[in-house]
Each structure stands twice: as structure tokens, then as C-alpha cells.
Amino acid sequence: MENKEAGTPPPIPSREGRLQPTLLLATLSAAFGSAFQYGYNISVVNTVFKSFYNETYFERHATFMDGKLMLLLWSCTVSMFPLGGLLGSLVVGLLVDSCGRKGTLLINNIFAIVPAILMGVSKVAKAFELIIFSRVVLGVCAGISYSALPMYLGELAPKNLRGLLGTMTEVFVIVGVFLAQIFSLQVILGNPEGWPVLLALTGVPALLQLLTLPFFPESPRYSLIQKGDEAAARQALRRLRGHMDLEAEVEDMRAEAQAERAEGHLSVLRLCALRSLRWQLLSIIVLMAGQQLSGINAINYYADTIYASAGVEAAYSQYVTVGSGVVNIVMTLTSAILVERLGRRRLLLAGYGICGSACLVLTVVLLFQNKVSELSYLGIICVFAYIAGHSIGPSPVPSVVRTEIFLQSSRRAAFMVDGAVHWLTNFIVGFLFPSIQEAIGAYSFIIFAGICLLTAVYIYVVIPETKGKTFVEINRIFAKRNRVKLPEEKKEETIDAGPPTLSPAKETLF
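Residues numbered from 1 in each chain as written. Predicted model: local features only at pLDDT ≥ 70, side-chain atom pairs only at ≥ 80, totals over all residues. Heavy atoms only, no water.

A. Just the packing of helix H4 (residues 67–98) against helix H5 (residues 100–108), in detail. Contact geometry for H4 and H5: axes closest at 6 Å, N-to-C directions at 125°. The pairing of H4 with H5 is recorded here as oblique in orientation. Taken as a pair, H4 and H5 cross one another with a handedness that is right-handed. Within the contact between the two elements, H4 uses Leu 95, Val 96, Asp 97 and Ser 98 and H5 uses Gly 100, Arg 101 and Thr 104. (Axes fitted to C-alpha atoms, helices over the stretch in contact; angles between N-to-C directions. Helix = DSSP H or I, 4+ residues; strand = E, 2+ residues; numbered from the N terminus. Parallel < 35°, antiparallel > 145°, perpendicular 65-115°, else oblique. Left-handed = near helix turned anticlockwise from the far one by under 90°. Contact = heavy atoms within 4.5 Å.)

Next up, the structure:
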């Protein structure tokens, strides 16, 4: 044992990473160009689009659409986005492995610029089919960026800034939503003359990324671990860190590369079968499903009704919606600042606690506001409180955690599963919630409160705090929970035990 300890080099002390200009600008270029398309929401001007659909149909058939056909076309317009997102999440694994993280983001801009042009000319072409088709393509863009962007930012960041940069995906999604809310005001572009420009604007951030991102480095982890190019990885690290003291970080990558060689390249099917990754896989499924099924879409669906019951006129409800967007941005930025101070678990637990409480109170408000009119104002407070709670934990933090709990070899397959769960649950909520709401009304929020509670319990019991830990250290924590031994641990046991005996060795799925 003494010889083994004497032959093991002491760990190299790591140097605290700083937000160097190259790292900051690379984050801004990648996040603004990729997350914006996901957040740029067109549903706030659906009345304008429905009018365009009806007018176009009248010009073709000399009669207006009936209600069922309009509902079908509009449902297709809305549902095509998550369907495209699902398709994007299924191809992102192939892209990030073959083209790299940065290369994937650059290629993905095609899926933003082309539909922006098509939607911008749809009115002139008098073809609402262009909007429906473009929604599918934009969904593919969102599905790819939803997985590739957190992967890229998480691998660029030093461990003490990984939480901050990881939340940038959600920050810029919220910025996209907020800008769409601003531009969609009737006095700006939310009118029959301005909506083609509103839709075409979604291609501007993609064009900016296409012009700027090539000047920034590829993920150093991708270069060293997957391509075996240590020189390129060191060059990227020098630009990102702004100093030459890189040995600790390079050594950490080498350890991860060694773990990857032992684990092998993982497909989605093998990822699902591996005992050594069981709890990690279950954790991202719970986080993604909890994020979508905890009621955020229901809150958005009910918001206008709640505002109207409080006496807010329809013409002014769009300004209240913009106010909720401000709350969303402020709380998401707060989460980005606090995630490296308070940790991931605390923000997730606090967020789900606030969301669950808001859902319970909102149930009471919706049930009794006809009898007690003052409760309607409490309903608005509940909507804003829910948005604040979701913005501080359930929305931004899963993007950080899902990057941290997988090593390089399994991250690609894990993000494919993660993205599929995200978009499937998104589609399910959008498809089923109107029927659920019609069947049980306000009681639907009790279901969302229960989902918040169950997700919070799972996080408290299963998911460890990952703040300030390397990917290899996090992997060791989960190895204990999965009750498997890592390759380096088995090697140490072999050294301690001396020469092997003739008895058969006990194999593990790892």
C-alpha cells in the first residue's frame, strides 16, 4: 500500500476560473444566437395569424373557414414546434459527435434563418402553409440548440463558473420570450401590417452567431477526450482562461478520458441498460418531466382569464403579460447569480416549493373568486409568484445539472434522452391540458402541486449537490448510489490484493 501511495502523484491544485473576455463573448455569441429561437414565442399574437389564415382561405375558396378547420390549422401551427423539437433532439447526438459542439451550433443556424425568411414572405405569398412548415423547422432548431448549447457552455466553463454559464441557456430563452412580448404589442409589430417582420426577426440572432461564433474556440473537452488533440485543447484553454496554469484542468480531462475508455462509447440503448448510470438517467428524466408537468404552461394558459377576473381589460392584459416577462428575466438572472453560491439543490427545492404553494392557493382563488371578488387580485399575485419560483429553479437549473452528472462518453446519449423527454412532455401538456381543464377546471392545479411535491422529494433524496465539483468527482458520487465500482477503484483493489487467484472474478455491468 505504501508503494502505491508513493507512486501516486499528488493532485495538482486547481486555479479558480474567471470570466475572461473570450469566455464571456463566446457565451454571449452562442447563447444569444441559439437560445433566442427557442424563446421567441409567437402565441401572443395568435389572433393576427388566425385572421391571416381566414383571409387566405377566403381568397382561395370564396368562403371563410368553419370553426373546426380553423381550430385544426391552428393546433397544427402550435403543435408543430414541439414535434420539430423532438426531431432535433433525436439528431443532436450525431451532430455533436461528428461536427463538434461549436460546429453543431453553426450548422443549426440554417434551421433558424431559412424559416425566418419563409415566414417573412408568407403574407406576400398568401400561403399560411409556409408558417406551419417553418414552425416544424424552427422546432428542429430549438431541439438541437436546447441540447447542444448547454453542452458547449458547460464544457467551456471552469468548474466554479459552470453553474453561471449553464443558466445562460435559460436566461437567453427568457430574453427571447420577453422581446417577443414587446415586439408583439399591437402598437409595435403585433398588427396585420407588422407581423411578417415580427416573424422574420427570429433569424437575426442566428445571422449574428454565424458571423461571430467561428472566431471562438471549440470545446476543449471535445478536442481532448473525443478527438485526442491535447494541443488544440490546451490552446482553447489558454484563450478561455487567460493564463498558462492549465495542468489541473488538463489532468481532470485526462481522468475523464480514462473513464471514457473504460466505459466505452454509449448509445441510447446501452445508456438505458447500464447499471452504473441508472440514477443519473432517472434524474434527468424526473427533472425534465417535472419542469414541463409542474404547470408552467397551464399558468400561461390561465393568465389572461385571471387578469380579466381581476378587472384588467383585454386591451391592457398584454402589458400585464410584459410585466410577468420582467419578473421572469429578473428571477432567472437572480438564479444565475445564486447558483454558484447557494448550489443547485437549494434553488431547485425552493423553486418547486414556491410553485407548488402558488398552485394550491390559485386553486382556492379560482374556486371562490365569484363569491369573494377580492380573491381575484390574489390570483394575479399567485401567477407572478409561480413565474418567479419557476424562474429561480425548475426552469434554469436542470440545464446545469444534466451537463454535470454525465461524463463525456455518455453525455451525447443522455442529452438525446433528456431532449426527447422535454419535447414529449411539452407536447403532451399542450395537447391534453385544454381537455383536462375543461373536465376538472381549477382542480387541475392540485395535480400540478402534487407533481411539484413529488419532484422536490426526488431531488432532496436522490440528486447530490454538484456545485464546485469536477465531472469525475460527481461520477464517483453517483457510482456509490448505483452500487458499482469505478475502474480506478477496481484497479486499486487488484493492487492491494496482490496477484490474481484462479477463482472467477465477479463482473459488473460497468
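B. Structural view of the pattern of salt bridges. Under the criterion given, the structure shown has 15 salt bridges. Lys 126 is the salt-bridge partner of Glu 59, the closest N and O atoms lying 3.4 Å from each other. One end of the pair, Glu 59, is in helix H3 (residues 46–61); the other, Lys 126, is in the loop between helix H7 (122–125) and helix H8 (129–156), and 67 residues separate them in sequence. Where Asp 418 meets Arg 402, a salt bridge forms, and the shortest distance between an N and an O atom there is 2.4 Å. Taken as a pair, Asp 418 in helix H23 (residues 408–440) and Arg 402 in helix H22 (residues 397–404) lie far apart in primary sequence, 16 residues in all. Taken as a pair, Asp 418 and Arg 402 share a single burial class, namely buried. Each member of the salt-bridge network shares a partner with another, and the members are Glu 230, Arg 234, Glu 247, Glu 251 and Arg 254. (Salt bridge = Lys/Arg side-chain N within 4 Å of Asp/Glu carboxyl O. Buried < 20%, exposed > 50% of the residue type's maximum accessible area, 1.4 Å probe, protein only.)

C. Focus on the nonpolar core. Counting 77 residues, the largest nonpolar core has Tyr 53, Leu 271 and Phe 445 as the members making the most contacts within it. Excluding residues within four positions of it along the chain, Leu 271 makes contact with Leu 266, Leu 277, Leu 281, Phe 406, Ser 410, Ala 413, Ala 414 and Val 417. (Core = buried A, V, L, I, M, F, W, Y, C linked by side-chain atoms within 4.5 Å.)

D. View of the confidence of the model for the protein. Mean pLDDT over the protein: 83, with 87% of residues reaching 70 or higher. Confidence drops under a pLDDT of 50 for residues 1–9, and excluding neighbours within four residues, the segment shows 4 contacts in the predicted structure. Confidence over residues 500–510 falls short of pLDDT 50; this stretch has 11 contacts with residues more than four positions distant or in other chains. (pLDDT = per-residue confidence, 0-100.)

E. Geometry of helix H25 (residues 471–482). With 12 residues, H25 should reach 16 Å at 1.5 Å per residue; the first-to-last C-alpha distance of 16 Å fits that figure. Within the sequence span of H25, burial applies to Phe 471, Val 472, Ile 474, Asn 475, Phe 478, Ala 479 and Asn 482. Down the axis of H25, the smallest arc covering the buried residues is 155°, so these residues share one side. Looking at the residues trailing H25, positive phi occurs at Arg 483, about 60°. (Expected span 1.5 Å × (residues − 1). Arc of directions from axis to C-beta.)

F. Quick look at unusual backbone geometry. For Ala 62, which is not a glycine, the phi torsion comes out positive at approximately 60°. Relative to the assigned elements, Ala 62 resides in the loop between H3 and H4. Its identity is not glycine, yet Lys 126 carries a phi of approximately 55°, on the positive side. Looking at Lys 126, the relative accessible area reads 45%, which means it is partly exposed.

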